[in-house]
Amino acid sequence: MTQINPAIEESWKKVLTGEFQKPYFPALKSFLLEEKKKYTIYPPGPRIFAAFNHTPFHKVKVVILGQDPYHGRGQAHGLCFSVPVGVQQPPSLKNIFNELKSDLNIPIPKHGNLEKWADQGVLLLNATLTVRANQAGSHQKKGWETFTDRVIEILSTEREHLVFLLWGNYAIQKSALIDTNKHLILKTVHPSPFSALRGFFGCRHFSKTNGYLQQNNIEPINWNLNSA
């Protein structure tokens, strides 16, 4: 079997080495190589593991779980819910910022780049790490979910006092992978315009996250994307 050596941050490579050797991972890689011959794939190759590269394993404090990368041109850059500077904020991200303002009185940023959160220990993890341009869900059930479920399990087992923010039914299903004796799970509906009014607004997940971190003597997250 071909040796798989993905461009992923070293601490993650160490804990996930076993996954890269399992049959599903080379199969996933082969699928992606074939897809790239025929279609545009998002995010760009160097950004596929951006969530891991911004947030090393031992620095994770919070996990926010998304489902798919954005499938529009220029949107996806490897962090769930995030878009590069200069790209219009998608509706779900706008709602996240509205809740943040309501919860912690943090001004709504002019951009939608969440790298500052990731660099502080917020793992912005999509369950599926790639997507075909303009086709939502096109890379589901190809192996990515097996990989990202394992990521959640390893974090649950080997770390403690993490906060998992599970927004929407898809993310909430992942709570079965998390040890609630060691970690805090906060659940609510998805921030999408279709559901945000049913409980996302007013959930106060950002202040609750910081409260839990501080109770466990962990530096809280500065959620303000406007500050230096």
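Residues numbered from 1 in each chain as written. Predicted model: local features only at pLDDT ≥ 70, side-chain atom pairs only at ≥ 80, totals over all residues. Heavy atoms only, no water.

Participant: Help me understand the overall build of the protein chain, please; the structure alone is not making it clear to me.
Facilitator: Looking only at helices and strands, the protein chain has eight helices and six strands in total. Going from the N terminus to the C terminus, the protein chain shows its helices and strands as α-α-β-α-β-α-α-β-β-α-β-α-β-α. Its C-alpha atoms put the protein chain at 50 × 35 × 35 Å along the principal axes. Looking at the protein chain as a whole, 54% of its 228 residues qualify as buried. Taking all contacts inside the protein chain whose residues are at least 6 apart in sequence as the whole, residues at least 24 apart take part in 67%. Summed over all atoms, the accessible surface of the protein chain reaches about 10800 Å², with 51% contributed by carbon and sulfur. Distance from the positive charge centre (26 side chains) to the negative charge centre (17 side chains) of the protein chain: 5 Å. (Helix = DSSP H or I, 4+ residues; strand = E, 2+ residues; numbered from the N terminus. Buried < 20%, exposed > 50% of the residue type's maximum accessible area, 1.4 Å probe, protein only. Contact = heavy atoms within 4.5 Å. Areas by Shrake-Rupley, 256 points an atom, 1.4 Å probe, with all protein chains shown as cover. Lys, Arg positive; Asp, Glu negative; His and termini not counted. Charge placed at Lys NZ, Arg CZ, Asp CG, Glu CD.)

Participant: I keep staring at the packing of aromatic side chains and nothing clicks. Help me out?
Facilitator: Centre-to-centre distance and the angle between the planes together describe a pair of aromatic rings. Scanning the model with the defined rule gives 20 aromatic pairs in all. Plain terms: the ring middles of Trp12 and Phe57 are 5.2 Å apart, the flat faces sit at 80° to each other, and that makes the pair edge-to-face. Taken as a pair, Trp12 in helix α1 (residues 10–21) and Phe57 in the loop between α3 (50–54) and β2 (62–66) lie far apart in primary sequence, 45 residues in all. When its relative accessible area of 0% is taken as the criterion, Trp12 is described as buried. Among the residues examined, Phe57 registers a relative accessible area of 1% and is labelled buried. With 6.2 Å between their ring centres and 70° between their planes, Trp167 and Phe206 make a pair best called edge-to-face. (Phe/Tyr/Trp six-rings, centres within 6.5 Å; stacked < 30°, edge-to-face > 60°.)

Participant: Looking at this structure, I do not really get the pattern of salt bridges. What am I missing?
Facilitator: For the structure on display, the rule yields nine salt bridges. Notably, a salt bridge pairs Lys22 with Glu19, separated by 2.7 Å at the nearest N-O pair. Among the residues examined, Lys22 registers a relative accessible area of 37% and is labelled partly exposed. In this structure, Arg132 engages Glu35 in a salt bridge whose closest nitrogen and oxygen atoms are separated by 2.9 Å. With a gap of 97 residues between them, Arg132 in strand β4 (residues 131–132) and Glu35 in helix α2 (residues 24–38) connect regions that are remote in the sequence. Each member of the pair, Arg132 as well as Glu35, is classed as buried. Beyond isolated ion pairs, a larger network of salt bridges with shared partners links Glu19, Lys22, Arg150 and Glu153. (Salt bridge = Lys/Arg side-chain N within 4 Å of Asp/Glu carboxyl O.)

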